[in-house]
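Here is what each chain is made of, one letter per residue.
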Amino acid sequence: MALEHALLVSLTEHSGSGYELARRFDKSIGFFQSATHQQIYRLLKRMDEAGWVDAEVVAQDSRPDKKVYRVSAAGRAELQRWIAEPTEPNHLRNELAVKIRAAQQGDIPALAAEVARHRDGHAARLEIYRMIEKRDFPAPDQLSGTALHQYLVLRGGIRVEEGFAGWCQEVLDALSQ
């Protein structure tokens, strides 16, 4: 996925400055696609030059002016093109899985500690997702449109984290036998 498309998605949900977009990105799409603030600013400039976004300069008191970005008609057309484009299914590419496969060649207690660290990381992210689900989507059966689509992505994240946390625990149980 091109980061530009993730930014277009975020901007279709709510226009904003580069700073606002970077902060929102960290709390939503950033769970699925990472980007530094510098990358976001560079891409916004490139997207503006490509005509995918329109920027409005907004004066601020006691601070530099800011640019507020909105998706343009060309940006919406690009997003529609990209959504219709086929993608390849994700394949598990996981360094931890390769380490587990090679466990006999290494230090099993050190590997178990690493697996536990991964399990704990997945469990922590799962708790964040569940908190977001409870806070933002208390009645999922009543959702439609953008809110439904956001919820479905969140549910995907929940399922992935449940799976990885459970798998890590399964590995730990097997290694401790």
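Residues numbered from 1 in each chain as written. Predicted model: local features only at pLDDT ≥ 70, side-chain atom pairs only at ≥ 80, totals over all residues. Heavy atoms only, no water.

## Overview of the packing of aromatic side chains
Inference 1: Under the definition given, this model contains two aromatic pairs.
Inference 2: Plain terms: the ring middles of F164 and W167 are 6.2 Å apart, the flat faces sit at 75° to each other, and that makes the pair edge-to-face. Residue F164 and its partner W167 are located together in helix α7 (residues 145-175), separated by three residues, close to a single helical turn.
Inference 3: Of the residues examined, W167 reaches a relative accessible area of 26% and is grouped as partly exposed. (Phe/Tyr/Trp six-rings, centres within 6.5 Å; stacked < 30°, edge-to-face > 60°. Helix = DSSP H or I, 4+ residues; strand = E, 2+ residues; numbered from the N terminus. Buried < 20%, exposed > 50% of the residue type's maximum accessible area, 1.4 Å probe, protein only.)

## Considerations on the sheet that holds strand β2 (residues 53-60)
Inference 1: With antiparallel pairing, the three strands of this open sheet are ordered in space as β1-β3-β2. Single-partner strands in this sheet number two, and they are β1 (16-17) and β2.
Inference 2: As defined by bridge partners, β1 adjoins strand β3 (residues 63-71) across two bridges and the pair is classed as antiparallel. Residue G16 lies in a different strand from β3, and its bridge partner there is Y69. (Pairing = 2+ DSSP bridges.)

## Thoughts on the pairing of β2
Inference 1: The sheet contact formed by β2 and β3 spans seven bridges and is antiparallel. Looking at the pairing, A55 lines up with Y69 of β3.
Inference 2: Between the end of β2 and the start of β3, which pair antiparallel, lie two residues, with S62 showing a positive phi angle near 60°.

## Things to note about unusual backbone geometry
Inference 1: Positive phi, close to 60°, is recorded for S62, a residue that is not glycine.
Inference 2: Within the fold, S62 resides in the loop between β2 and β3.
Inference 3: The exposure class of S62 is exposed, given its relative accessible area of 81%.

## Structural notes on α7
Inference 1: Here α7 spans 45 Å end to end across 31 residues, near enough to the 45 Å set by a 1.5 Å rise per residue.
Inference 2: Of the positions making up α7, those classed as buried are Y151, L154, G157, I158, E161, A165, C168, V171 and L172. (Expected span 1.5 Å × (residues − 1).)

## Describing the layout of surface pockets
Inference 1: Computed from the structure, the largest pocket encloses a volume of approximately 1,200 Å³.
Inference 2: In terms of lining, the largest pocket is formed by 29 residues, of which the most central are V9, S28, I29, F32 and V153.
Inference 3: Elements represented by at least two residues in the lining of the largest pocket include exactly α1 (3-13), α2 (18-27), α4 (73-84), α6 (108-136) and α7.
Inference 4: For the lining of the largest pocket, the per-class residue count stands at 13 nonpolar, nine polar and seven charged.
Inference 5: Residue contributions to the lining of the largest pocket reach at least three from each of two domains, namely domain 1 (2-84) and domain 2 (95-176). (1 Å grid on protein atoms, 1.4 Å probe; cavity = no way out; pocket = protein on both sides within 12 Å on 5 of 7 lines; lining within 4 Å. Points joined across faces, edges and corners; volume = space filled by probe spheres on them. Nonpolar A, V, L, I, M, F, W, Y, C, P; charged D, E, K, R; others polar. Domains from an automatic or database assignment.)

## Digging into the domain arrangement of the protein
Inference 1: Looking at the assigned domains, one finds that the protein contains domain 1 (2-84) and domain 2 (95-176).
Inference 2: Relative to domain 2, the C-alpha centre of domain 1 lies at a distance of 29 Å.

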